[in-house]
Amino acid sequence: MRRWRRTASLLAVCGALGAGLLPQAAGAEGPTGAESPAGRAGPAGAKGGTGADSVFSVAGLERPVRMLVDRWGVPHIYAENTADLYLAQGFNAARDRLFQIDLWRRRGLGLLSEVLGPAYLRQDQAARLFLYRGDMEKEWQSYGPDAKKAATRFAEGINAYVDWLKRTPEAMPQEFRELGYAPARWSPEDVVRIRSHSLAINLTSEVDRARAVCAGGIGVDPLMRRLEPEWKTVVPDGLDPCAIPPDVLGTYQLATQSVVFQNGQVRAVPEPPGPALSEGSNAWAVAPARSTTGRPILASDPHRVMKAPALRYITHLSAPGLDVIGAGEPALPGISIGHNGTVAFGLTIFGVDQEDLYVYRLDPGDPGRYRYGKGWERFRTVTENVPVAGERAQRTELSFTRHGPVIKVDRERNLAYALRTTWLQPGTTPYFGSMKYMRARNWNEFTTAMRTWGGPPENQIYADVAGNIGWVPGGLAPNRVGYDGLLPVPGDGRYDWAGFHDGARLPRSYNPAKGIVASANEFNMPKDHPLKVGFDSWASPYRHERIVEVLSSRSRTSPADSAALQSDKVSIPARRLVRLLAGITSDQPSTARALELLRTYDAVTSADSGRAALFETWFSGHLEPAFAREVLPENVARQIFIHDPLLLFDAMDNPDRWFGAGGTAVRDRILKTSLAAAYDELVGRLGPDPATWKWGDIQRLTFGHPTGKDVGPFPRGGSWNTVEASNYLPGSYAPLSGPTFKMVLDVGDWDRSQAINAPGQSGDPRSPHYRDLAEPWQRGEYFPLLYSRAAVELNAKDRFLLTPRR
């Protein structure tokens, strides 16, 4: 893995550049005379450079705020108090990401039709079902004493920039001009009421399992996916698995999907969503005794949808009592991954099952009521008017049961279906709980903050300047009594949640003897732990196994080693299958050629590897589906999107147990016929000469922008099971998610930390920071995540001064 440069060299070079060698921008003008921001570092609308400030007069500020944007597009915001700091963060979020966060707000609040027209009415209606509608005081209190003020000031900052654009229309981001509408003003509640982007877990697998049980009986369940901890699924009393309609998730998918565009234009009708994406993360920390620096090293790389703009935004927030830097959601104040000068934190998703589908029998004489207990309970309805561009507002009725929003009514069966989810509880706005832990000064304060973490459920990896490392999970976990949450349940009161588990009961690890803590979404609950927080929401163990294998193989690990590990593309499944193929022979030409190629495969899924192309095509596109067809009814096998590799390997290692007497012959037939099919597919895709094949010619990544300002394409390496994760769509091999943000922290010597955020920091296609990090990211490179004021000053490319507007 090549890095952009060694960090120490970068800092030395940067010092020289800061002394006067950076390209100088034109002299600054005040915002009232601002020119078009095209070609600048973000849509500020006023020219700036290393020598002069771009000055903005901002309503609501109490004192002046300085913002330095470094050469990699990272804003460093310096305020005299935290109220001004969060206002400036909102102002800057709008300066750099306005179209992205405005679209996020409209999608989440159900206001797309207001500007995009009636084609989005159904999506708006669906989104409104999943807004937080509970007690707002409890909501604000859930995030700590500063949360409401932070969200209020953040919204004021966005509004200040929107107001400035009204006075300076030439600076309006081009997407608004193309789509013909203006950005909206925000309220503080907008920050926390939107929940439909939460990474919640289990609803879709409940429905998939019900369909499979309907088609093949409960006996098919252990043949589809392993359960961790080991568990036997039973059909809840009163549930008919065949009574789950095919479109039961239609409203849920509309509410949670992105705004749909095609070829840079708004689609007339949103298309049905594809399979749910698998998003995960890696994070680890190494103790001082195992590091080359004598300090902890913490690394974190979340795996999210790869789009333009990037889903995360790196920001440095500095004011008396708070000095944090790292990545956060562009539409939220604060950060969720990074450090505060004392404590460092990185995250992965923790497999808590936070969703249940409830099925209700309707009153035959009054379909506005559903069975609950010994009687009938009336649906609660909320009537709202949805504004529609070019038309009168559309009156819509939203229905709720005591458990949650009604997502489907089946008149033929006289049934209704509603979702209960933790992310409609107070304190579960995705990632906003970081308002508590980003101020932590030690392990006790950090774990106290994580005890009440709502969502999404997380593993937090911790390190601090005192040399401590740790792992602590968090997430609002339902207390299910008498059922396991693996299938839908009747909503008649027999399967209600008995509150939530205390987060303090979750396991944790602090300064383990091995000197390593690591998480990669694997099952990491102790097998004898009394809490059963989820059974089918864990990732395959291979990324975690590879991380621990590499870190354990060295007596000392450097920050550069951790950066290299984030780009590691070794596939443990490939290593296992290559060993298995050693004893397989075939006279069939395609099989024989495939065997010859894979016997010498090094298991590295690099973009330029022809053998990786063959292996991944075979493994995900042919071997796993062939195995599923062998052990499952055909109509069940067709339903599986991503197969469980642990079941496959168990069958490969124990063929007689899986396939019966003569199981080895069955296994070998599956291996050989699927190999031939994969080889023939690659001949059709890439030509007859395997020497010209490349995995990156099949798996190609484009950072798609809603209106067509795409970045790419790039050849992509990695797979579902490599540390450098590339979760692609089997069959088309289009990348779905991956680590666009990466961070390696040298805990205590902060200026030697590194990060990357692809395709770039800015959301404005006119900015040089819109796509400048895409190619370095593709090459496995980083930039220095500068923290000290001196280092930031030396590398400042653009300077802004925000002054109180009188």
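Everything quoted here is computed from the prediction, not taken from an experiment.

Each value, and the rule that gives it
Residues numbered from 1 in each chain as written. Predicted model: local features only at pLDDT ≥ 70, side-chain atom pairs only at ≥ 80, totals over all residues. Heavy atoms only, no water. Salt bridge = Lys/Arg side-chain N within 4 Å of Asp/Glu carboxyl O. Helix = DSSP H or I, 4+ residues; strand = E, 2+ residues; numbered from the N terminus. Pairing = 2+ DSSP bridges. Core = buried A, V, L, I, M, F, W, Y, C linked by side-chain atoms within 4.5 Å. Buried < 20%, exposed > 50% of the residue type's maximum accessible area, 1.4 Å probe, protein only. Contact = heavy atoms within 4.5 Å. Phe/Tyr/Trp six-rings, centres within 6.5 Å; stacked < 30°, edge-to-face > 60°. Polar contact = N/O pair within 3.5 Å; in protein donor to acceptor, adjacent residues only side chain to side chain. Axes fitted to C-alpha atoms, helices over the stretch in contact; angles between N-to-C directions. Parallel < 35°, antiparallel > 145°, perpendicular 65-115°, else oblique. Nonpolar A, V, L, I, M, F, W, Y, C, P; charged D, E, K, R; others polar.

A. Broad picture of the pattern of salt bridges. Taken as a whole, this structure holds 52 salt bridges when the rule is applied. Arg 66 serves as the salt-bridge partner of Asp 53, at 2.5 Å between the closest nitrogen and oxygen. With Asp 53 in strand E1 (residues 53-58) and Arg 66 in strand E2 (residues 65-70), this residue pair connects regions lying 13 residues apart in the sequence. The partner of Asp 237 in a salt bridge is Arg 494, and the shortest N-O contact between them spans 2.9 Å. Of this pair, Asp 237 sits in the loop between helix H9 (203-216) and helix H10 (250-256) while Arg 494 sits in the loop between strand E23 (489-490) and strand E24 (497-500), and the two are 257 residues apart along the sequence.

B. Seen up close, the sheet that holds strand E31 (residues 741-746). With antiparallel pairing, the six strands of this open sheet are ordered in space as E26-E6-E7-E31-E32-E33. Looking at the sheet topology across the chains shown, the edges are occupied by strand E26 (516-519) and strand E33 (783-784). Of the strand pairs in this sheet, strand E6 (residues 281-286) and strand E7 (residues 297-302) are connected by six bridges, and their pairing is antiparallel. Bridge pairing links Ser 281 to Pro 302 in E7.

C. A look at the nonpolar core. The biggest cluster of nonpolar side chains holds 135 residues, and the ones touching the most others in it are Leu 298, Phe 432, Phe 446, Phe 703 and Phe 783. The biggest single contributor to this core is helix H2 (residues 82-109), with 13 residues. In this structure, Phe 703 is in contact with Met 306, Lys 307, Ala 308, Asp 710, Val 711, Phe 714, Thr 740, Ala 758, Pro 759, Ala 774 and Trp 777, ignoring residues within four places of it in sequence. Listed in part, the 52 residues of the second largest apolar core include Ala 594, Ala 603, Ala 613 and Trp 695.

D. Structural view of the packing of aromatic side chains. Here the structure, examined in full by the defined rule, presents 41 aromatic pairs. For the ring pair Phe 56 and Phe 91, a centre distance of 5.4 Å and an interplane angle of 70° mean the geometry is edge-to-face. With Phe 56 in strand E1 and Phe 91 in helix H2, this pair connects stretches of sequence that are 35 residues apart. No difference in accessibility class separates Phe 56 from Phe 91, as the two residues are buried.

E. Fine view of the side chain of Gln 566. Mapping Gln 566 onto the fold places it in helix H14 (residues 559-566). When its relative accessible area of 0% is taken as the criterion, Gln 566 is described as buried. At a separation of 3.4 Å, a polar atom in the side chain of Gln 566 contacts the main-chain carbonyl oxygen of Ser 300. Here the side chain of Gln 566 touches Met 743 through a polar contact of 3.2 Å, landing on its backbone oxygen. Apart from residues lying up to four places away in sequence, Gln 566 is in contact with Trp 284, Ala 299, Ser 300, Asp 301, Val 723, Glu 724, Lys 742, Met 743, Val 744 and Tyr 782.

F. Seen up close, the sheet that holds strand E29 (residues 727-728). Here three strands make up an open sheet; going across it, the order is E8-E30-E29 and the pairing antiparallel. The open sheet has two edge strands with one neighbour each: strand E8 (304-305) and E29. Where E29 and strand E30 (residues 735-738) come together, two bridges link them in antiparallel fashion. Bridge pairing in E30 links Asn 727 to Ser 737.

G. Spatial organisation of the packing of helix H15 (residues 572-581) against helix H17 (residues 610-631). At a minimum axis separation of 11 Å, H15 and H17 run at an interaxial angle of 90°. On the basis of their axis angle, the class for H15 and H17 is roughly perpendicular. Where H15 approaches H17, its residues Pro 573, Ala 574, Leu 577 and Leu 581 are matched on the opposing element by Phe 615, Trp 618, Phe 619 and Leu 623. Classifying every residue of the contact of H15 with H17 gives eight nonpolar, no polar and no charged.

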